[in-house]
Amino acid sequence: MEKLWGGRFQGKSEAWIDDFGASISFDQKMAKEDLTGSLAHVAMLAKCGIIPDSEAAEITAGLKILQEKLALGELEFSTVNEDIHLNIEKLLHEEIGPVAGKLHTARSRNDQVATDMHLYLKQAVAEIIQSLKHLRAVLVQKADAHIETIMPGYTHLQHAQPISFAHHLLAYFGMFSRDLERLEESVKRIDISPLGSAALAGTTFPIDRAYSAELLGFSAVYENSLDGVSDRDFIIEFLSNSSLLMMHLSRFCEELILWTSHEFQFVELTDAFSTGSSIMPQKKNPDMAELIRGKTGRVYGNLFGMLTVLKGLPLAYNKDLQEDKEGMFDTLETVQTSLDIFAGMIETMKVRTDIMEESTQKDFSNATELADYLAKKGVPFREAHEIVGKLVLECTQNGIYLQDVSLSHYQEINPLIEADIYEVLSSKTAVQKRNSYGGTGFEQIKVALANAKKTL
């Protein structure tokens with residue numbers, strides 16, 4: 001079969017070489033966008049008098065037939081035609097004849113593919129933004145139900161201070177809110193039309209780029225035609241934002257994996273988000289959380305792959321840029337699915353409030369409360385810190401906790417300690433009193449939740 005660009009060539013390549021060079025196996029994902037871009041382009045050609053209205057109407061009718069066939073799954077693509085653009089042009093030629101060739105007037109595959117990717121990513125990011133908003137709503141709902149659920153707060157994965165479980169959830173709400181802001185802010189750099197940049201230098205035809213951009217719903221056009229066909233910053237930015245988002249999901253997944261273990265038992269995931277073992281009948285594995293954690297590396301790889309492809313490319317278009325699509329498609333699918341799975345896990349998980357709170361009773365996470373207590377009595381904090389540290393060592397040697405120490409012994413340590421110390425050492429009291437702005441105190445959490453609900 002003759003190639004649409006074959007006029008310059010005498011020899012024919014072999015099929016396996018064609019397969020290596022072809023991108024239709026993956027860029028057919030953009031068939032809808034390619035047809036949409038072509039409809040705008042032909043409308044612009046007619047408006048500017050570059051082709052007659054009658055021919056524009058004929059081409060438009062043919063493109064709409066292809067749209068209908070695409071929706072029905074009736075379009076067949078071939079590697080002989082390399083990419084989605086040449087496949088669509090060939091299919092259009094089969095529908096309406098030689099007039100199809102006029103569609104490519106004042107256009108190159110270079111600005112065409114860039115336009116397709118802008119259109120595709122703009123829609124896909126909008127869908128990810130909606131999924132991220134849903135996840136934030138799920139976190140707020142879960143936090144609202146657990147304001148007074150006490151759990152250990154950790155540093156170095158060691159019990160540090162007791163906190164509210166809602167406070168822990170809202171920390172991730174903050175992370176995902178920043179992810180949302182980054183994605184929303186990036187849309188303005190996706191929402192730019194390269195159409196009309198042609199191969200690299202623009203065109204001699206009197207085109208109206210603003211008109212085609214308006215038809216496609218773009219808010220701006222590239223000011224420089226070289227930049228228009230070679231820019232992939234908008235994809236790198238998406239991959240970077242996705243890497244941050246997946247990192248946040250992965251951190252939370254790591255905690256879920258720990259929390260579902262026998263050693264923690266803080267939460268239990270529903271059967272829908274767990275799997276069993278082929279040999280150990282007792283197992284209930286948090287596989288979905290593990291997969292999200294694992295797929296984070298995949299998204300990182302797509303980012304570094306794209307950065308590496310671009311790092312040495314001279315202007316303008318190079319065939320290397322064919323490698324810009326698979327990583328983008330893969331990341332879009334990975335992030336979208338991960339968000340939906342993760343939201344489902346959080347929404348349906350059972351929180352073992354009793355075990356969470358009990359774990360703060362058999363530890364020394366209340367040690368800071370004793371040090372603060374002494375400091376408020378006038379003992380310099382560094383001295384109070386040393387007193388409590390020695391007492392903790394004594395307790396560990398005797399197999400007891402701070403709340404088990406007798407009042408008489410406390411008063412031997414420091415006569416300023418009174419009977420109210422046991423209330424001070426209570427985990428709930430420790431959490432309740434931390435009412436500094438942004439702290440884990442219940443009143444602060446209610447304020448944070450009210451603010452979060454407003455943003456939703």
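Notes on the structure in this doc start here. It should be emphasised that the depicted structure is a prediction, and the values quoted were computed from it without experimental measurement.

**Things to note about the packing of helix H10 (residues 233–259) against helix H12 (residues 325–348)**
Moving on, step 1. At a minimum axis distance of 10 Å, the contact between H10 and H12 shows a crossing angle of 30°. Classed by the angle they form, the pair H10 and H12 counts as roughly parallel. As H10 packs across H12, the resulting crossing turns out to be left-handed. Of H12, the residues touching H10 (which contributes Ile235, Phe238, Leu239, Ser242, Leu245, Met246, Leu249, Phe252, Cys253 and Leu256) are Gly327, Met328, Thr331, Leu332, Thr334, Val335, Ser338, Leu339, Phe342, Met345 and Ile346.
Moving on, step 2. Tallied by class, residues from the contact of H10 with H12 come to 16 nonpolar, five polar and no charged.

**Things to note about the packing of aromatic side chains**
Moving on, step 1. Taken as a whole and assessed by the stated rule, the structure comprises 12 aromatic pairs.
Moving on, step 2. Ring geometry for Tyr172 against Phe252: centres 4.1 Å apart, planes inclined by 15°, an arrangement best described as stacked. Placement of the pair is Tyr172 in helix H7 (residues 165–190) and Phe252 in helix H10, with a sequence separation of 80 residues.
Moving on, step 3. The class of Phe252 is buried, set by a relative accessible area of 0%.
Moving on, step 4. Measuring from centroid to centroid gives 6.5 Å for Trp259 and Phe266, while their planes differ by 45°, and the two rings are tilted.
Moving on, step 5. Site record: aromatic cluster; members linked through ring pairs are Tyr154, Phe165, Tyr172, Phe176, Phe252, Trp259, Phe264, Phe266 and Phe342.

**Structural notes on the side chain of Ser197**
Moving on, step 1. Note on placement: Ser197 falls in the loop between strand S3 (192–193) and helix H8 (209–216).
Moving on, step 2. Ser197 has contacts with Asp111, Gly202, Arg209, Ser225, Gly228 and Val229, leaving out every residue within four places of it along the chain.

**What to know about unusual backbone geometry**
Moving on, step 1. In this structure, the amide linkage connecting Leu315 to the following residue, Ala316, adopts the cis form with an omega of 5°.
Moving on, step 2. You can see Ala316 is positioned in the loop between helix H11 (287–310) and H12.
Moving on, step 3. Despite not being glycine, Ala106 has its phi angle at roughly 60°, a positive value.
Moving on, step 4. Examined against the element boundaries, Ala106 turns out to sit in the loop between helix H5 (84–96) and helix H6 (109–144).
Moving on, step 5. Residue classification places Ala106 among the buried positions, given a relative accessible area of 8%.
Moving on, step 6. Unlike most non-glycine residues, Gln265 shows phi in positive territory, near 60°.
Moving on, step 7. With respect to the secondary-structure elements, Gln265 resides in the loop between H10 and strand S5 (267–268).
Moving on, step 8. Judged by relative accessible area, Gln265 falls into the partly exposed class, the value being 32%.

Conventions used here
- Residues numbered from 1 in each chain as written.
- Predicted model: local features only at pLDDT ≥ 70, side-chain atom pairs only at ≥ 80, totals over all residues.
- Heavy atoms only, no water.
- Axes fitted to C-alpha atoms, helices over the stretch in contact; angles between N-to-C directions.
- Helix = DSSP H or I, 4+ residues; strand = E, 2+ residues; numbered from the N terminus.
- Parallel < 35°, antiparallel > 145°, perpendicular 65-115°, else oblique.
- Left-handed = near helix turned anticlockwise from the far one by under 90°.
- Contact = heavy atoms within 4.5 Å.
- Nonpolar A, V, L, I, M, F, W, Y, C, P; charged D, E, K, R; others polar.
- Phe/Tyr/Trp six-rings, centres within 6.5 Å; stacked < 30°, edge-to-face > 60°.
- Buried < 20%, exposed > 50% of the residue type's maximum accessible area, 1.4 Å probe, protein only.

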